[in-house]
Amino acid sequence: MDKVFKILWTLIKIILAVVIVLIVVYFWNLDQKVLGWAYKQVNTMFDRKKVNLVF
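Residues numbered from 1 in each chain as written. Predicted model: local features only at pLDDT ≥ 70, side-chain atom pairs only at ≥ 80, totals over all residues. Heavy atoms only, no water.

A.B. asks: Can you explain the overall build of the protein? Please cite residues and give values.
C.D. replies: Regarding its fold elements, the protein presents two helices and zero strands. In terms of overall size, the protein is more extended than a compact globule, its C-alpha atoms giving a radius of gyration of 22 Å where 55 residues would be expected to give roughly 10 Å. Out of the 55 residues belonging to the protein, those deemed buried represent 0%. Element-wise, carbon and sulfur atoms account for 73% of the exposed surface of the protein, whose accessible area totals about 5900 Å². (Helix = DSSP H or I, 4+ residues; strand = E, 2+ residues; numbered from the N terminus. Rg over C-alpha atoms; globule rule 2.2 N^0.38 Å. Buried < 20%, exposed > 50% of the residue type's maximum accessible area, 1.4 Å probe, protein only. Areas by Shrake-Rupley, 256 points an atom, 1.4 Å probe, with all protein chains shown as cover.)

A.B. asks: I'd like a rundown of the packing of aromatic side chains, residues and numbers included.
C.D. replies: Per the counting criterion, the structure on display carries one aromatic pair. Between F27 and W28 the ring centres are 5.4 Å apart and the planes differ by 75°, which places this aromatic pair in the edge-to-face class. In this structure F27 comes out as exposed when scored by relative accessible area, which is 62%. (Phe/Tyr/Trp six-rings, centres within 6.5 Å; stacked < 30°, edge-to-face > 60°.)

A.B. asks: So what's going on with unusual backbone geometry? Which residues, and what values?
C.D. replies: The residue N29 is not glycine, and still its phi comes out positive at about 55°. For N29, the position within the fold is in the loop between α1 (2-27) and α2 (30-47).

Right, here's the structure in full:
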């Protein structure tokens, strides 16, 4: 029975940690900041490439 409680306590700690991380990401709007940074990096990479326009 002690082993079951140990596994259950570990599971509760993992779920609590995930919930806290999600609340922090939501509160500081970090997902939008990371995506904004990623879009800027992708745009700078593709803006440097030469485009071969042949009609």
